4 protein chains.
Amino acid sequence: MSSTDTTDSSPQRTARLLVRCSDKPGIVATISNFLYNHGANITALDQHSTDPTGGTFFMRLEFQLPHAELPPSVFDRSFKRAVADRYDMDWRISYPADLKKVALLVSKYDHALLELLWRWSRDELPAEVTCVISNHPDLRESVERFDVPYHHVPVEKGRKAEAEAKMLEILKEQADLIVLARYMQILTGDFVERYTNRIINIHHSFLPAFVGAGPYRQAATRGVKRIGATAHYVTEELDGGPIIEQDVIRVTHRDSVRDLKERGGSIERDVLARAVKWHLEDRIIVHQGTTVVFA
Amino acid sequence: MSSTDTTDSSPQRTARLLVRCSDKPGIVATISNFLYNHGANITALDQHSTDPTGGTFFMRLEFQLPHAELPPSVFDRSFKRAVADRYDMDWRISYPADLKKVALLVSKYDHALLELLWRWSRDELPAEVTCVISNHPDLRESVERFDVPYHHVPVEKGRKAEAEAKMLEILKEQADLIVLARYMQILTGDFVERYTNRIINIHHSFLPAFVGAGPYRQAATRGVKRIGATAHYVTEELDGGPIIEQDVIRVTHRDSVRDLKERGGSIERDVLARAVKWHLEDRIIVHQGTTVVFA
Amino acid sequence: MSSTDTTDSSPQRTARLLVRCSDKPGIVATISNFLYNHGANITALDQHSTDPTGGTFFMRLEFQLPHAELPPSVFDRSFKRAVADRYDMDWRISYPADLKKVALLVSKYDHALLELLWRWSRDELPAEVTCVISNHPDLRESVERFDVPYHHVPVEKGRKAEAEAKMLEILKEQADLIVLARYMQILTGDFVERYTNRIINIHHSFLPAFVGAGPYRQAATRGVKRIGATAHYVTEELDGGPIIEQDVIRVTHRDSVRDLKERGGSIERDVLARAVKWHLEDRIIVHQGTTVVFA
Amino acid sequence: MSSTDTTDSSPQRTARLLVRCSDKPGIVATISNFLYNHGANITALDQHSTDPTGGTFFMRLEFQLPHAELPPSVFDRSFKRAVADRYDMDWRISYPADLKKVALLVSKYDHALLELLWRWSRDELPAEVTCVISNHPDLRESVERFDVPYHHVPVEKGRKAEAEAKMLEILKEQADLIVLARYMQILTGDFVERYTNRIINIHHSFLPAFVGAGPYRQAATRGVKRIGATAHYVTEELDGGPIIEQDVIRVTHRDSVRDLKERGGSIERDVLARAVKWHLEDRIIVHQGTTVVFA
């Protein structure tokens, strides 16, 4: 989870490659030769195969590219032709120097939102936070202190389509990633489809337990001895998307629902911050409703 | 979680009191006066109220009783008349020197069973293990090494009633507690009813997630990032009884279902051993489908 | 860890009693009778004995006192005469409605400080934060946003006595508790003595490992696989005071010292917030260099 | 942590490569080309660099080698000439089908020993356990049940050299790895030197806290709120060798030293078993007093 590899102070350009394809002999050799021939030095490499024979192959590479060599677009096209097409890869090359644009959505609870803004302001989240959108006006002041624009987009009963249209207008070219930092409205399938695997939500339970509303109350009623939080990509199925990260803490019969909320809030903040950071560092590949996380 | 208080080397007799009743002023004073007047010294006390006013009151007391004073049965009757009836209490007095009789049920997986037998042989579980019953013959040798009788009671298709009748015969006066240490048969409501809040099961998931069969496979399919185990009292509802203890460990995309089983086995053993120990030490009160655990 | 018991909306007054004394029969009866006779209703009770016979006895009680009954000072005097003197108790009665005054000391790192201020602003820490004192001017703006006065008291080389005198002047009647939220100056014995068991420090290691400066660097050099944080009361011995709370997280060879700082910061915040909350809720008794925490 | 890759049911031979060398461009390409040209298919790959430029490079590869291709010794020589010498590598190729020989050393506590023997008997530890050596006769029966020879080698005062000579005689060609499963004698430098980075010890504290004797008592005296266990390679410095794995659990003021021993024992067993498994799966590289663990 080294942060050192995201600096870019040399005449080198840091790049990252994410790959998914059918597993075949020679993939690593082909990719590493391509990089070597382009003067790139691999500084981090993770790989996973679902099966030693005939499975799916996943890889994350981080490498230093001489600035002089090639403009990114040319390098990418060259990789496509020489490597990706040959193995029929799902792939993506990204450059940490091009910060991802992040939009944060929130309702009234500020803890998850502020955690992200804090970490971002301390350079712990490599991103450009472009805006906060909320269906309530309450958190404007807290957000504007961070010099981030705050958009109040109320969602009136029966007029969700309108609200989402307005949000999409704001988000246009402003969001490589959308984070639902306790945004309590359900997004429509139309909206979600535009940002496949690019909307992260924090759910305040250890999924798949306690889907839906009031998970802390559900947890108290069931009498669980640990409560948790789950960060996941949003899909059309409520709280059913690919899980990125989860954590739990011990609770006891002494904890009221109010205690669970307070103590769980701390886990929500940590879990969401980790998930967002991993996304920003290109560490996540979605596959068949689950995630491969090269953390 | 002190073990020291279970020793009984002095001319004192250790006793424990568990109480549940409607909360009212004066309960603690009444109980502690009663004990003081009978020469008892309180060595541990835990209390819980669901609400400061009008809730339910729970208490666990551990105390030293002079041997000379009164025979247990007289002391118990005296407590009933002077205290319990007055506050309409659910209550129980137990004496650690009278070891609880424990029967273990198992199918083929031996890890949970051996963990319990091994801790018991090291004096870490204050109990008399009276027998092991299994629907398979496989583990006889492993069990008999601990000088514990092994009963093979096969459960043939459509003849569960017969098998349970045979088991009840074996268990008669041999079981204050039944532990399902990976016993893979579902017990009938009739059977369960005879041992209300006295059958502990270990389920290999973080309940209420992944109820039923194949929880590790379910976990792999859903792509959770932690797997867990849950010890609970058995009720008629499958995997729905009051939860006693839970724990989880981190897993990743690298863990195959076989890995989950191996790694989860370690958590199952720990969680079950803790739950059984707490039961044996009279630390658990069941209330409205949940547990108060004075651990 | 219920928060419900700290509310005080009824015509009742919530009070808390902390007791330490030599263990003897009859203590619980004496205390509970006293409370019952004064119309008090016990809502929470925790007790601990270091030994069933001849040890030290600790107790925390929370109770509701009818407002009409007695003014606090009279009640306290009455308790002293009728109970405390008889058993030669170290004791303290406190009233949650009288918020404890808290002063926060900080240097340049803001994460622990902001965590406390933020939880306090959300009513998660029952206190009156009276001021922040820092040996640096940097965090003034962040603090003043919370409407808390910020005092810059530089500590110049060889002139620590002067600086501490100035701080004591500011703290006069403003601090029932002092929290060192990453305050990087060592306080003199003189200063510490004035606030015995009332200064909480957060040390960024799992004590007693890595005492002193640069614990994250020490941890990386030693190659530990978990890093932690420790909240403790400050004594004259550097990082040697009674430990209140500790926690750890897994780290790997991939984590640079910078990563350890970032990831450890999250643990520091949680551990410190828990310790401060427990102190404010009168849950901690110091005994022979360690703490009894009735959490 | 997949176990699937250790099976060897195909006409393929599974092999593993561990590498440490100065980081330079082209290493990955060179290695992967070599493997590709020998018909090998890479199924797992982990890499770590201490620094993007000029650091140390570490890699673990798992690959399938066609049986027909080359005998292992020829393949190894070929790798040395074509790759290892060129980059001045520390390297090792191993074949999981050739089980590592493991000798277990123990004194009187059986929990760590039995945990390893259990897991081994369930095929969870890929090894050939060749013998158990103890300075006490007590555990003979427990060990022989697993069909493992038990050697009683007492260590008399002032005659350690003799005892070690006897042990070395027994260990001759019987130990690729020695595990100290609570062996309470300190081994001499001479002995340790013969098995550099091949002796794993479990220490019952969270190192570097509580080095030496009686760590649970030390922990109780210091009043820590978590206790732990540490598995490390043995060096001449007592409890100072490279740490492989650590874990902790929460404890409270209620836990007596006896409780700490019982509860800590559970952590010791887990931590040691993980460390041993990682060693057996060739996941550990020692570097400058620390470990890189590709888990």
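These figures come from a predicted structure and were not determined experimentally. (Residues numbered from 1 in each chain as written. Chains lettered and ligands numbered in written order. Predicted model: local features only at pLDDT ≥ 70, side-chain atom pairs only at ≥ 80, totals over all residues.)

Overview of the relation of the copies chain A and chain B
By a simple turn and slide, chain A fits onto chain B: the slide is 0.0 Å along the axis, the RMSD is 0.0 Å, and the turn is 180°. Read as a symmetry element, the transformation amounts to a two-fold axis. Across chain A, the smallest distance between a C-alpha and the rotation axis is recorded for A209 of chain A, namely 2.4 Å. (Least-squares fit on C-alpha atoms with pLDDT ≥ 70 in both.)

Here we look at helix α1 (residues 27-37) of chain A
Residues of α1 of chain A that are buried include every one of I27, V28, A29, I31, S32, N33 and L35 of chain A, and no others. Elements in contact with the buried residues of α1 of chain A: β2 (41-49), β3 (56-66) and α2 (72-87) of chain A together with α1 (27-37) and β2 (41-49) of chain D. Looking one or two places after α1 of chain A, you find G39 of chain A, whose phi comes out positive at around 80°. (Buried ≥ 20, exposed ≤ 12 C-beta atoms within 10 Å, placed from the backbone. Helix = DSSP H or I, 4+ residues; strand = E, 2+ residues; numbered from the N terminus. Contact = placed C-beta atoms within 7 Å.)

A word on the pairing of strand β11 (residues 243-250) of chain C
Residues and elements named next belong to chain C. Most of β11 is tucked away: six of the eight residues are buried. Pairing geometry for strand β10 (residues 226-233) and β11, over seven bridges, is antiparallel. Counterpart to H232 in the pairing with β11 is I243. (Pairing = 2+ DSSP bridges.)

Examining the interface of chain A and chain B
Each partner contributes to the interface: chain A provides 22 residues, whereas chain B provides 22 residues. Of all the secondary structure elements, the ones that give two or more residues to the side of chain A that touches chain B are β11 (243-250) and β13 (290-293) of chain A. When grouped by side-chain class, the residues that make up the side of chain A that touches chain B number nine nonpolar, eight polar and five charged. (Nonpolar A, V, L, I, M, F, W, Y, C, P; charged D, E, K, R; others polar.)

Digging into the confidence of the model for chain A
All names here are of chain A. A residue-level look at chain A finds 96% of positions with pLDDT of 70 or above and a mean pLDDT of 94. Segment residues 1-9: pLDDT under 50, and 26 contacts once partners within four positions in sequence are set aside and those in other chains are kept. Taken together, the chains of this predicted complex give a pTM of 0.95 and an interface ipTM of 0.93. (pLDDT = per-residue confidence, 0-100.)

Concerning the nonpolar core
Counting residues in each nonpolar core, the largest one holds 327 residues, and the members touching the most others are A181 of chain A, A181 of chain B, A181 of chain C together with A181 of chain D. The residues touching A181 of chain C, leaving out its near neighbours within four places in the chain, are L104, L105, V106, A112, L113, L116, I202 and L272 of chain C. (Core = buried A, V, L, I, M, F, W, Y, C linked by C-beta atoms within 7 Å.)

Considering the domain arrangement of chain A
All names here are of chain A. Taken domain by domain, chain A comprises domain 1 (4-94) and domain 2 (100-293). On a C-alpha basis, the centres of domain 1 and domain 2 stand 31 Å from each other. Listed as interface residues are nine residues of domain 1 and, on the opposing side, six residues of domain 2. (Domains from an automatic or database assignment.)

Side note on the sheet that holds strand β6 (residues 127-134) of chain A
For sheets, the rule is that strands pair by backbone hydrogen bonds, running either parallel or antiparallel. Residues and elements named next belong to chain A. Reading across from one edge, β7-β6-β5-β8-β9-β10-β11 is the order of the seven strands in this open sheet, with mixed pairing throughout. Of all strands in the sheet, those bounded by a partner on one side alone are β7 (150-152) and β11. Across the sheet, the mean angle separating the axes of adjacent strands is 20° when strand polarity is ignored. Across seven bridges, strand β5 (residues 100-106) lies against β6 in parallel orientation. Paired with V106 across the two strands is S134, which belongs to β6. (Axes fitted to C-alpha atoms, helices over the stretch in contact; angles between N-to-C directions.)

Some thoughts on unusual backbone geometry
Look at the link from L207 of chain C to P208 of chain C: it is a cis peptide, with omega at 5°. Following the sequence through the fold, P208 of chain C ends up in the loop between β9 (199-203) and α7 (215-222). Unlike most non-glycine residues, D123 of chain A shows phi in positive territory, near 60°. Taking the C-beta count within 10 Å as the criterion, D123 of chain A has 10 such neighbours and is therefore assigned exposed. The backbone of D88 of chain B shows a phi angle near 55°, a positive value even though the residue is not glycine. With respect to the element layout, D88 of chain B can be found in the loop between α2 (72-87) and β4 (90-94).

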